[in-house]
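One letter stands for each residue in the lines below.
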Amino acid sequence: MEQKKSRKDKAADTKKRIFETSVALIKSKGYDNVTISEICKAAGLAKGSFYVHYKSKEDIVRESYYADMGTYISNHYTEFVTTNPNKSIIERITYFLNLEFEFADYAGYELTCLAYSLNLSACIPGPSEHFSNRHFSKILFDEIQSSISYSSSDFSSEEIFNYLESIVRGTMATWCFSNNSFNIVEQGKRYIQQAIHSIYQTK
């Protein structure tokens, strides 16, 4: 017998549906050409449901690189670790970093560019809440702390974390500035592989 979903699970499902519908519409029509009414209609939801989870279209963009990215990465990473218990810690770190590129590809070029723009502008008044909002990054940091004995550099755990995440963010920024001129997933994998090789004792 199928268990009834809790109110929390139902809310999470609704939020996910709104986000996925928004991403699909923005990728096909462009951010400026999509309305909240259109998102709700396509998602099969009342307009009030949208405002329970988001204040505006801009909120979707802001959250895409915090809550929504976090959910995407956490779910995929947990599944990877569960189904591949024999993977090394270096392989797990590599997989995690590549998931960030996969999310950018999933969310799309325009949404990624907008997220960068909005979240960078929020840093100007300060203080920045960027790192505190990226709860999923703790998974990566914990893995890096556990991997420090494999490191062939004199970097601390925090320095390794910042180095690897800077490569991810830098690649995403270059993807945006180059007008989506390369495959971010494939190119990102190459950059991460090189970065991992420079930090860890890999074969």
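Residues numbered from 1 in each chain as written. Predicted model: local features only at pLDDT ≥ 70, side-chain atom pairs only at ≥ 80, totals over all residues. Heavy atoms only, no water.

**Re unusual backbone geometry**
Despite not being glycine, N179 shows a phi value in the positive range, around 60°. Here N179 shows up in the loop between α10 (157-177) and α11 (184-199). Given the relative accessible area of 58%, N179 is considered exposed. (Helix = DSSP H or I, 4+ residues; strand = E, 2+ residues; numbered from the N terminus. Buried < 20%, exposed > 50% of the residue type's maximum accessible area, 1.4 Å probe, protein only.)

**Section: the nonpolar core**
Ranked by internal contacts, the top residues of the largest apolar core, which has 52 residues, are F50, I93, L97, I144, L164, I196 and Y200. Ranked by residues supplied to this core, first place goes to helix α6 (residues 89-107) with 10 residues. Excluding anything up to four places from it in sequence, L164 contacts I93, L97, I144, A195 and I196. (Core = buried A, V, L, I, M, F, W, Y, C linked by side-chain atoms within 4.5 Å. Contact = heavy atoms within 4.5 Å.)

**With respect to the pattern of salt bridges**
Under the defined criterion, the tally for this structure stands at 4 salt bridges. For K16, the salt bridge is made with E20, and the minimal N-O distance between the two is 3.9 Å. Here E20 and K16 lie together in helix α1 (residues 7-29), a separation of 4 residues that amounts to about one turn. Here E20 falls in the partly exposed class, since its relative accessible area comes to 36%. Among the salt bridges present, the one from E38 reaches K29, with a minimum N-O distance of 2.5 Å. Relative accessible area serves as the criterion here: at 24%, E38 is assigned to the partly exposed category. (Salt bridge = Lys/Arg side-chain N within 4 Å of Asp/Glu carboxyl O.)

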